[in-house]
Amino acid sequence: MAENTYLNAKEQDLAGTHTAQSETQAVKQKTVVVKLGTSVLTGGTLKLDRAHLVELVRQCAQLRRQGHKVIIVTSGAIAAGREHLGYPELPKTMASKQLLAAVGQSRLIQEWEHLFGIYGLHVGQMLLTRADLDDRERYLNARDMIVALLDNGIIPVVNENDAVATTEIKVGDNDNLSALVGILAGADKLLLLTDQPGLFTADPRNNPDAELIREVHTIDETLRKLAGGSVGGLGTGGMATKLQAADVARRAGIEVVIAAGSRPGVIADIVGDTSVGTRFLPLESPLESRKRWILAGPPPAGDIIIDTGAANAVQLRGSSLLSKGITLVKGSFERGAVVRIYSTEGALLARGLCRYSSKDMTKIAGKHSQDIYQVLGYEYGPVAIHRDDLVVI
């Protein structure tokens with residue numbers, strides 16, 4: 001029965017391939033994070049609703065054919081583990097949850113791998129904790145990994161590493177994790193799919209006069225008081241955590257939509273800008289947000305002196321800073337630190353986030369980009385500072 005469901009889904013989807021391909025050129029490519037809560041994946045039951053998973057994957061595959069990049073932030077590892085083990089009676093301890101997560105995570109990624117494989121798509125698993133995102137070096141490594149997956153046509157499937165995470169290093173819920181993943185990936189949209197149609201003016205479960213809030217421009221205390229708890233009791237996030245996630249993501253320039261995961265065509269409709277659920281407008285573009293942080297945030301950890309050609313490229317053409325144009329590196333700093341960029345005459349030109357440490361930067365100074373790997377034995381890309389991480393003074 002399940003196999004027939006898979007095949008039927010594929011046949012229905014392939015029927016629209018020609019139309020989707022003809023529309024690809026007219027669609028602006030977006031990076032979309034789709035967060036799927038446990039209530040969506042299980043349909044409120046105690047096991048994964050595989051028929052619904054097929055439909056969600058079909059919609060994501062459709063986005064991929066239209067040229068969009070898709071990231072899945074998936075809950076459900078504990079539910080999958082509990083199902084696989086036959087719903088055992090376990091003590092209500094952290095170790096029991098970690099046991100279920102350890103068993104269920106592998107089952108869950110196999111499920112995603114199989115379903116996306118129907119459409120010829122590959123997935124890559126990323127298990128994160130708060131520690132991976134708080135530490136700058138690990139943050140950059142996670143960012144590079146997710147970008148590499150997307151650039152190679154692979155769909156990242158992200159979950160919190162519940163099998164090893166402790167209270168001190170847990171993000172705590174996949175709503176907020178999805179917001180952080182959106183920032184990592186420089187996403188355009190974050191879809192928080194849940195068992196509710198969106199955020200209401202009152203609790204719709206006990207107030208028949210509750211109305212769906214279609215669009216949110218400001219998140220204030222009044223709005224926070226409207227946020228309720230988890231309905232099904234299977235997940236760790238309720239509407240309150242979704243509001244927190246929306247606030248974090250929109251401050252980074254990401255549009256957020258809270259909507260019902262059971263609504264037919266919900267993913268495609270949201271990405272196509274159809275009015276669905278509750279939409280949170282971004283405060284500003286991600287690029288400007290990051291550049292403001294670079295300009296006004298942490299104190300510079302060091303200085304880089306560049307030659308005239310590099311100075312002209314950075315100032316006049318908006319180019320990235322290449323290692324070839326570096327003449328001198330001052331100070332000791334790690335990869336990801338904020339540095340000042342000076343001309344050989346001593347004029348302050350810019351500030352930026354460096355892709356390499358001061359030790360590595362000194363070794364590759366004056367070298368061509370294609371020689372970085374030969375000099376260091378590894379590389380973090382062909383530029384010393386990317387133009388998106390560079391603020392011209």
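Please read all numbers here as calculations on a predicted model, not as lab measurements.

With respect to the sheet that holds strand β2 (residues 69–74)
Strands in a sheet are paired, the pairing made by backbone hydrogen bonds, and the direction either parallel or antiparallel.
For step 1, the next point in the chain: Strands sit in the order β3-β4-β2-β1-β5-β7-β8-β6 across an open sheet of 8 strands; the sheet is mixed. Because the sheet does not close on itself, it has two edges, and the strands there are β3 (122–128) and β6 (215–216).
For step 2, the next point in the chain: Across 6 bridges, the pairing between strand β5 (residues 189–194) and strand β7 (residues 255–260) is parallel. Within β7, the residue paired with leucine 190 across the bridge is valine 256.
For step 3, the next point in the chain: Each of β1 (31–36), β2 and β4 (154–160) is contacted by helix α4 (residues 50–65), which is oriented at about 155° to β2, the strand it contacts most.

Examining the side chain of aspartate 173
For step 1, the next point in the chain: Here aspartate 173 is to be found in the loop between β4 and α9 (174–185).
For step 2, the next point in the chain: Here aspartate 173 is buried and forms no salt bridge, its nearest opposite-charge partner lysine 35 lying at an N-O distance of 6.7 Å.
For step 3, the next point in the chain: Separated by 2.8 Å, the side chain of aspartate 173 and the backbone nitrogen of asparagine 176 make a polar contact.

Describing the packing of aromatic side chains
For step 1, the next point in the chain: Going through the model one piece at a time under the given rule, you end up with 3 aromatic pairs.
For step 2, the next point in the chain: Taken together, a centroid distance of 6.1 Å and an interplanar angle of 35° make the contact between tryptophan 112 and phenylalanine 116 tilted. In this pair, tryptophan 112 and phenylalanine 116 both sit in helix α6 (residues 94–117), 4 residues apart, roughly one turn of the helix. For the pair tryptophan 112 and phenylalanine 116, a shared accessibility class is recorded, and that class is buried.
For step 3, the next point in the chain: Among the aromatic residues, those joined into a cluster by ring pairs are Tyr356, Tyr378 and Tyr380.

Observations regarding the packing of α4 against α6
For step 1, the next point in the chain: At a closest axis distance of 9 Å, the pairing of α4 and α6 adopts a crossing angle of 55°. Accordingly, the angle class assigned to the pair α4 and α6 is oblique. Crossing hand, α4 versus α6: right-handed. Counting all contacts with α4, which are made through Arg50, Leu53, Val54, Val57 and Cys60, the residues of α6 involved are Glu111, Trp112, Leu115 and Phe116.

So, the pairing of β2
For step 1, the next point in the chain: Of all 6 residues in β2, 5 are buried; the element is thus mostly enclosed.
For step 2, the next point in the chain: In this structure, β1 lies alongside β2, joined through 6 bridges in parallel fashion. Bridged to valine 34 within β2 is isoleucine 72.
For step 3, the next point in the chain: Alignment of β2 against β4, held across 2 bridges, turns out to be parallel. Looking at the pairing, isoleucine 72 lines up with valine 157 of β4.

A look at the pattern of salt bridges
For step 1, the next point in the chain: With the rule as written, the count across this model stands at 16 salt bridges.
For step 2, the next point in the chain: The partner of aspartate 151 in a salt bridge is lysine 69, with the nearest N and O atoms 3.2 Å apart. Of the two residues, aspartate 151 sits in helix α8 (residues 136–151) while lysine 69 sits in strand β2, which places them 82 residues apart along the sequence.
For step 3, the next point in the chain: The class of aspartate 151 is exposed, set by a relative accessible area of 53%.
For step 4, the next point in the chain: For lysine 189, the salt bridge is made with glutamate 255, and the minimal N-O distance between the two is 2.6 Å. Taken together, the residues lysine 189 in strand β5 and glutamate 255 in strand β7 connect sequence positions 66 residues apart.
For step 5, the next point in the chain: You can call lysine 189 buried: its relative accessible area is 4%.
For step 6, the next point in the chain: A relative accessible area of 11% means that glutamate 255 is categorised as buried.
For step 7, the next point in the chain: One connected set of salt bridges, linked through shared partners, spans Lys30, Lys189, Glu215, Glu255, Asp273 and Arg279.

A word on the sheet that holds strand β9 (residues 302–306)
For step 1, the next point in the chain: Read from one edge to the other, the open sheet built from 5 strands follows the order β10-β9-β11-β12-β13, with strand pairing classed as mixed. Of all the strands in the sheet, just β10 (326–330) and β13 (390–392) have a single pairing partner and so form its edges. Looking at each pair of strands side by side, their axes are set apart by 25° on average, direction ignored.
For step 2, the next point in the chain: Across 5 bridges, the pairing between strand β11 (residues 338–343) and strand β12 (residues 348–353) is antiparallel. In the sheet register, valine 339 faces β12, and the bridge partner there is glycine 352.

Notes on a nonpolar patch on the surface
For step 1, the next point in the chain: On the surface, a nonpolar cluster with roughly 220 Å² of combined accessible area is contributed by Leu85, Leu90 and Leu99.
For step 2, the next point in the chain: Locating leucine 85 in the fold gives a position in the loop between α5 (77–84) and α6.

Some details on α9
For step 1, the next point in the chain: The end-to-end C-alpha distance of α9 is 16 Å, a good match for the 16 Å that 12 residues give at a rise of 1.5 Å each.
For step 2, the next point in the chain: When α9 is considered as a whole, its buried residues turn out to be Asn174, Asp175, Asn176, Leu177, Ser178, Ala179, Leu180, Val181, Gly182, Leu184 and Ala185.
For step 3, the next point in the chain: Directly beyond the C-terminal end of α9, a positive phi value near 65° is found at glycine 186.

Cut-offs and rules
Residues numbered from 1 in each chain as written. Predicted model: local features only at pLDDT ≥ 70, side-chain atom pairs only at ≥ 80, totals over all residues. Heavy atoms only, no water. Pairing = 2+ DSSP bridges. Helix = DSSP H or I, 4+ residues; strand = E, 2+ residues; numbered from the N terminus. Contact = heavy atoms within 4.5 Å. Axes fitted to C-alpha atoms, helices over the stretch in contact; angles between N-to-C directions. Buried < 20%, exposed > 50% of the residue type's maximum accessible area, 1.4 Å probe, protein only. Lys, Arg positive; Asp, Glu negative; His and termini not counted. Salt bridge = Lys/Arg side-chain N within 4 Å of Asp/Glu carboxyl O. Polar contact = N/O pair within 3.5 Å; in protein donor to acceptor, adjacent residues only side chain to side chain. Phe/Tyr/Trp six-rings, centres within 6.5 Å; stacked < 30°, edge-to-face > 60°. Parallel < 35°, antiparallel > 145°, perpendicular 65-115°, else oblique. Left-handed = near helix turned anticlockwise from the far one by under 90°. Patch = residues over 30% accessible without salt bridge, like charges linked within 9 Å, V, L, I, M, F, W, Y side chains within 5 Å. Areas by Shrake-Rupley, 256 points an atom, 1.4 Å probe, with all protein chains shown as cover. Expected span 1.5 Å × (residues − 1).

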